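Residue strings, one per chain:
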Amino acid sequence: MEAVWRFFAEQYEPRNPFSIELHRNPTRSLYYETFLATSALTASVLLIYSLEYAAARSCCWRLLKLSSLAHPVQFLILVVPFLACVLDYPYALYTRFVLQFDAFCCLASAACCLHKRLRRRRSRGGMLDKPPPSTSTQASSVEQSNRPPTNDFQTVYRSIVYLSTAVCIFARDQPCWRNDFSKADSFGTALMDVGLGCFVVCIGSLGPTATRAKIEVNRSAAMKKAGAQFILLAFCGLVKSISVAIDIALDQTVYEESWHEYGVHWNAFYTLAVAKLGGTALELYILPDRMSPLLAALLAGAGHETLLASAGIAGYVLAPGQLEPYNRASLFGANREGICSMLGIPTLYLVGLQLGRWTGACAKQLELGADPQRQAVAMRRLLGRVASLLAGCLLYRVLLGCLPQLLLPESRRLLNPSYAAWIAAFSAFAHINVWLMMAAKLLMTEPQNLSGFRMAPIHLRQVDVVGLMYFLVANLLTGLVDFLVKVTVPDRESIDGWPCFVLVLSYMSLVYPAARLANRLLNVRAVIAKLTGCVSDAASAWRPCRLTAC
């Protein structure tokens, strides 16, 4: 117990003044490399759609429709190309592979879309135009309009974040991991730096007003749900803090090298808990009804940058030139990284809320079975909005290079506006890829079959359903598999190459089945519904919670 208590003790050393030279050190990976590596996941979805279309009129189609076969097939198509990007086996240079793979998937989907168009021209019949909806279809549309639409854009985006996070947290400790994708110490844009920001964006994308007007939202019920999820995430953070303290006490290891991420006792679960509760309150009680969330995000980012510069928060948190431990004389100082980074949460949350509103409006047109012209208009409007957001973020990046003395570069430890702009650019790029995927699926699908049609692959939908449990199980399996590898293979460097690739793939194959089993046993939905007092609305109570993983 004494060793555990020492983990929560505070220590102090004086700190040197902040120097702008800190952010001029070379970063691990370039700005665009995260975009390029994760594009393999959305390209894999195009390949899934192409295979489904090619097998639609063969005996293979009935086999692919079976959930027991669809899950492993889609899992391999999604995960294997991404592993080839983040691991140094089998390709030493992943850029050539990912460009060739993306091009192949795009060409395959384009060929399927062209074949579908030629078949429609040959039919000369009712397949050219969608038949007018019947009374039952209209009634069904009216009934569906009374509930939030199923947003497959966000489903695919969240699932990509879950899959990539699960791969990275395990593969980073393996000898075949590409070190360029590891977290940056102070400033940088590596692959593992996007995790926290993307999850805050995911939380904002399912805010109470993302799919309906504020006047239609029951504020007390929404705050109860957010409070229940806050308690759940804070409990997970407390368990992680205690487990780290016990691990240090048992192994007599030094954990100071990881303090710079969130602090001594803080972790990402606490940050996400604050993002859920604070973001919901900001959205319902502070954000004006007629103000765009994106405009509010710009104002919040400007205020945050002012505080970082004028109040000296950046120098207090980063403290260049100092070795750990220092300035840990108080609980606030011991956790200054995690506490001060909460100032950047409103910007990321509002960006996610804006993306949720944009994609929700388009998803509603697709789900209600609107005529093809209205669907095309909704899709073009969404593409224009997201592309404008991406262009604005890239313009900010250019401005950042022109004014290095005024604006700090991207820092995950600060969650500063430059980091928020990078996360917004990454999210916009991912949404554009998902838009291309959805457009290809629409071209491959008969118009009369679009009403209530789910376009996200079944494996991604199921991963999204168990989202929070998926991440928790991934963390637990990471520790368990690492322990087994340490016991069975003392020299971990000896499993480099194809054995390391197989090890990471085997780990990923266990995450979803274990998360699904744990979700059924623990019945988290019922727990959330019981805490909020809405037993009959358990599904809706769970819906925002499933994307609050770390």
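Residues numbered from 1 in each chain as written. Predicted model: local features only at pLDDT ≥ 70, side-chain atom pairs only at ≥ 80, totals over all residues. Heavy atoms only, no water.

1. Some thoughts on the overall build of the protein
Point 1. Helix and strand counts for the protein stand at 23 helices and zero strands.
Point 2. Residues classed as buried in the protein amount to 54% of the 550 residues present.
Point 3. In the protein, 84% of the contacts between residues at least 6 apart in sequence involve partners at least 24 apart.
Point 4. Of the accessible surface of the protein, which amounts to about 25000 Å², a share of 63% is contributed by carbon and sulfur atoms. (Helix = DSSP H or I, 4+ residues; strand = E, 2+ residues; numbered from the N terminus. Buried < 20%, exposed > 50% of the residue type's maximum accessible area, 1.4 Å probe, protein only. Contact = heavy atoms within 4.5 Å. Areas by Shrake-Rupley, 256 points an atom, 1.4 Å probe, with all protein chains shown as cover.)

2. A look at unusual backbone geometry
Point 1. Backbone torsion omega between Y89 and P90 reads 5°, so that peptide bond is classified as cis.
Point 2. Not every positive phi belongs to a glycine, and L415 is a case in point at roughly 50°.
Point 3. Along the polypeptide, L415 turns up in the loop between α17 (372–402) and α18 (417–444).
Point 4. Residue classification places L415 among the buried positions, given a relative accessible area of 1%.

3. What about helix α12 (residues 293–310)?
Point 1. With 18 residues, α12 should reach 26 Å at 1.5 Å per residue; the first-to-last C-alpha distance of 25 Å fits that figure.
Point 2. The set of residues buried in α12 consists of P293, A296, A297, G301, H304, E305 and L308.
Point 3. Directly beyond the C-terminal end of α12, a positive phi value near 75° is found at G312. (Expected span 1.5 Å × (residues − 1).)

4. Quick word on the environment of G207
Point 1. Looking at the element boundaries, G207 is found in the loop between α8 (194–205) and α9 (219–251).
Point 2. The spacing of G207 and A226 is 19 residues in sequence and 9.7 Å in space, taken between C-alpha atoms.
Point 3. The contact partners of G207, leaving out residues within four places of it in the chain, are E283 and Y349.

5. Brief notes about the state of the cysteines
Disulfides are covalent bonds that link the sulfur atoms of two cysteine residues.
Point 1. Per the counting criterion, the structure on display carries one disulfide.
Point 2. One disulfide bridge connects C176 with C500, the sulfur atoms lying 2.0 Å from each other. Since a negative S-S torsion denotes a left-handed disulfide, the C176-C500 link at about -65° is left-handed. Residue C176 is found in the loop between α7 (152–171) and α8, and its partner C500 is found in helix α21 (residues 498–522); the two are separated by 324 residues along the sequence.
Point 3. For C500, a relative accessible area of 0% corresponds to the buried category.
Point 4. Between C112, a free cysteine, and C113, which holds the nearest cysteine sulfur, the sulfur-to-sulfur gap is 6.9 Å. (Disulfide = S-S within 2.5 Å.)

6. Focus on α17
Point 1. A rise of 1.5 Å per residue sets the reference length of α17, with its 31 residues, at 45 Å; its end C-alpha atoms lie 45 Å apart and thus fit the reference within 8%.
Point 2. Of all the positions in α17, only Q375, A378, M379, L382, V386, L389, L390, C393 and L400 are classed as buried.
Point 3. Those residues of α17 that are buried are in contact with α7, α12, α16 (345–367) and α18.

7. As for the packing of aromatic side chains
Point 1. Inspection of every chain in the model, using the stated rule, returns 14 aromatic pairs.
Point 2. Geometrically, the ring pair formed by Y91 and F97 is stacked, given 4.6 Å between the ring centres and 20° between the ring planes.
Point 3. For F97, a relative accessible area of 14% translates into the label buried.
Point 4. Pairwise contacts between aromatic rings join Y31, F35, F426 and F429 into one cluster. (Phe/Tyr/Trp six-rings, centres within 6.5 Å; stacked < 30°, edge-to-face > 60°.)

8. Here we look at the packing of helix α11 (residues 268–286) against α16
Point 1. For the pair α11 and α16, interaxial distance at closest approach is 10 Å and the crossing angle is 65°. For the element pair α11 / α16, the angle class is roughly perpendicular. Pair α11 / α16 crosses with right-handed handedness. Between α11 and α16, the residues in contact are T271, V274, A275, G279, T280, L282 and E283 and I345, P346, Y349, L350 and L353, respectively.
Point 2. Class assignment for the residues of the contact of α11 with α16 results in eight nonpolar, three polar and one charged. (Axes fitted to C-alpha atoms, helices over the stretch in contact; angles between N-to-C directions. Parallel < 35°, antiparallel > 145°, perpendicular 65-115°, else oblique. Left-handed = near helix turned anticlockwise from the far one by under 90°. Nonpolar A, V, L, I, M, F, W, Y, C, P; charged D, E, K, R; others polar.)

9. Here's the deal with the nonpolar core
Point 1. Counting residues in hydrophobic clusters, the biggest one holds 133 residues, and the most contacted among them are L87, F153, M379, Y470, Y507 and M508.
Point 2. For this core, the element with the most residues is α18, which contributes 18 residues.
Point 3. Beyond its immediate sequence surroundings of up to four residues, Y470 is in contact with Y162, L163, A166, V463, M508, V511, Y512 and A515.
Point 4. Judged by nonpolar contacts, the second largest core, of ten residues, contains L308, I313, V317 and L318. (Core = buried A, V, L, I, M, F, W, Y, C linked by side-chain atoms within 4.5 Å.)

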